[in-house]
Amino acid sequence: MSRGVFVGIATVDVVHRLERLVGPNEKVTALGQEISAGGPAANAAVTFARLGGHATLVTALGGHPLARYAADELAQHGVTVVDAAPDVTAPPPVSAIQVIDATGDRQVSSVNAGAHWAANPAEPPAGLPALVAAADVVLVDGHHPRLALAAARAGSTVVLDGGSWKPVLTELLPHVDYAVCSAVFPDAESLDVTHVAVTRGPDPVSWWSEGRSGRIPVPSVDVRDTLGAGDAFHGAFAYALTRGASFEEALEHGARIAALRCSVAGPRAWLEQL
């Protein structure tokens, strides 16, 4: 069984599905509500596990009831959670998300790990090096800098979820083998990383690798929900690497899985289609 370690933020996502955007000072009734764990590393771990891998998420959650809810929800989807801050009693980061039913577009407000854990940054758990050494792939999202650096330094195949630039990347990038970035990541193609890709939603994925470059088409689907599509891409990409896929093949796999995720409404319902 493929083994993946995913290091980064875990949130509690409260998702409301709406007919339209809410105006200023307006109240509306949502078409539906779902609550799940979220965050780049957490959602990637769920995808990896659903594809058949053994996924471990190293994050900071704490003992608050909302944190326990997130840990339990992740466990229900096959993810083993290693909590680097088990004694913290404050609530975890909560993301408030609105998804428009007709288009799948979403609006998200949240707090990142740097702001939320600034007063008490998560420290690497004692068993992290051994956990990472036993893994086939390590994915880091950079949201918990000390955890990310410790994992990347101990890992042999390291994937970066480059959702945005973070200060820790200056130290982290020399340990990264694959950087899969979003379109808002600055100058991704010039990163000093062996394999780099940039996702652009429904547009082709651009990649650069050892003097070569190219584009990977993204399957066209009827979009119902784009929330976490990039996370699904990263989880599927990481899984494909562990099964011996080339860089281009892994990107193709990620694009197919991300497109599937966009075609199904809800943060977890799409997993039944895998």
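Please refer to the structure placed before this passage.
Since the structure is predicted, the reported quantities are computational estimates derived from the model, not experimental observations.

## Considerations on the nonpolar core
Then comes step 1: Among the nonpolar cores identified, the biggest contains 46 residues, and Phe6, Leu57, Val79, Phe233, Phe237 and Leu251 are the most heavily contacted of them.
Then comes step 2: Of all the secondary structure elements, the ones that give two or more residues to this core are helix 1 (40-50), strand 4 (54-59), helix 2 (65-76), strand 8 (137-140), strand 10 (178-182), strand 12 (203-209), helix 7 (229-242) and helix 8 (247-262).
Then comes step 3: Here this core gets eight residues from one element, more than from any other, and that element is helix 7.
Then comes step 4: In this view, phenylalanine 6 contacts Ala41, Ala44, Ala45, Phe48, Ala55, Thr56, Leu57, Val58, Leu139 and Ala238; residues no more than four positions away in its chain are not counted.
Then comes step 5: Of all hydrophobic cores here, the second largest spans 33 residues; its members include Leu149, Ala151, Leu173 and Val176.

## Describing the sheet that holds strand 7 (residues 106-109)
Then comes step 1: Pairing is mixed in the open sheet, where four strands are placed in the order 3-2-6-7. Sheet topology places strand 3 (32-38) and strand 7 at the edges, where each strand pairs with a single neighbour. Looking at each pair of strands side by side, their axes are set apart by 20° on average, direction ignored.
Then comes step 2: The pairing of strand 2 (residues 11-18) with strand 6 (residues 94-100) spans seven bridges and is classified as parallel. Along strand 6, the bridge assignment pairs leucine 18 with isoleucine 100.

## Structural notes on the pattern of salt bridges
If the charged atoms of two oppositely charged side chains come close together, the side chains can form a pair.
Then comes step 1: By the definition in use, this model includes 11 salt bridges.
Then comes step 2: Here glutamate 272 and arginine 50 are joined by a salt bridge, their closest N and O atoms 3.5 Å apart. With glutamate 272 in the segment after helix 8 and arginine 50 in helix 1, this residue pair connects regions lying 222 residues apart in the sequence.
Then comes step 3: Across the salt bridge formed by arginine 153 and glutamate 171, the nearest N and O atoms sit 3.7 Å from each other. Here arginine 153, found in helix 5 (residues 145-154), pairs with glutamate 171, found in helix 6 (residues 169-172); they are 18 residues apart in sequence, far enough to count as distant.
Then comes step 4: When salt bridges with common partners are traced through the structure, they connect Arg17, Asp101, Arg224, Asp225 and Arg261 into a single cluster.

## Some points on the environment of histidine 64
Then comes step 1: Inspection of the secondary structure assignment puts histidine 64 in the loop between strand 4 and helix 2.
Then comes step 2: A sequence separation of 27 residues divides histidine 64 from proline 91, and the C-alpha atoms of the two residues are 5.3 Å apart.
Then comes step 3: Filtering out sequence-adjacent residues up to four positions away, histidine 64 remains in contact with Val88, Thr89, Ala90, Pro91 and Pro92.
Then comes step 4: At 3.0 Å, the side chain of histidine 64 forms a polar contact with the backbone nitrogen of leucine 66.

## Digging into unusual backbone geometry
Then comes step 1: Positive phi, close to 60°, is recorded for asparagine 25, a residue that is not glycine.
Then comes step 2: You can see asparagine 25 is positioned in the loop between strand 2 and strand 3.
Then comes step 3: According to the relative accessible area criterion, asparagine 25 is exposed, its value standing at 85%.
Then comes step 4: In the Ramachandran plot, aspartate 187 falls in the positive-phi region, its phi being about 50° despite a non-glycine side chain.

## As for helix 5
Then comes step 1: What helix 5 keeps buried is the set Leu147, Ala148, Leu149, Ala151 and Ala152.
Then comes step 2: On the buried face of helix 5, the contacting elements are strand 1 (3-7), strand 4, helix 4 (128-133), strand 8, strand 9 (158-162) and helix 6.

## Section: the environment of proline 267
Then comes step 1: In this structure, proline 267 sits in the segment after helix 8.
Then comes step 2: When the C-alpha atoms of proline 267 and leucine 74 are compared, they prove to be 12 Å apart, with 193 residues separating the residues in sequence.
Then comes step 3: Those residues within four positions of proline 267 in sequence are excluded, and the remaining contacts are Glu34, Ser36 and Arg261.

Each value, and the rule that gives it
Residues numbered from 1 in each chain as written. Predicted model: local features only at pLDDT ≥ 70, side-chain atom pairs only at ≥ 80, totals over all residues. Heavy atoms only, no water. Core = buried A, V, L, I, M, F, W, Y, C linked by side-chain atoms within 4.5 Å. Buried < 20%, exposed > 50% of the residue type's maximum accessible area, 1.4 Å probe, protein only. Helix = DSSP H or I, 4+ residues; strand = E, 2+ residues; numbered from the N terminus. Contact = heavy atoms within 4.5 Å. Pairing = 2+ DSSP bridges. Axes fitted to C-alpha atoms, helices over the stretch in contact; angles between N-to-C directions. Salt bridge = Lys/Arg side-chain N within 4 Å of Asp/Glu carboxyl O. Polar contact = N/O pair within 3.5 Å; in protein donor to acceptor, adjacent residues only side chain to side chain.

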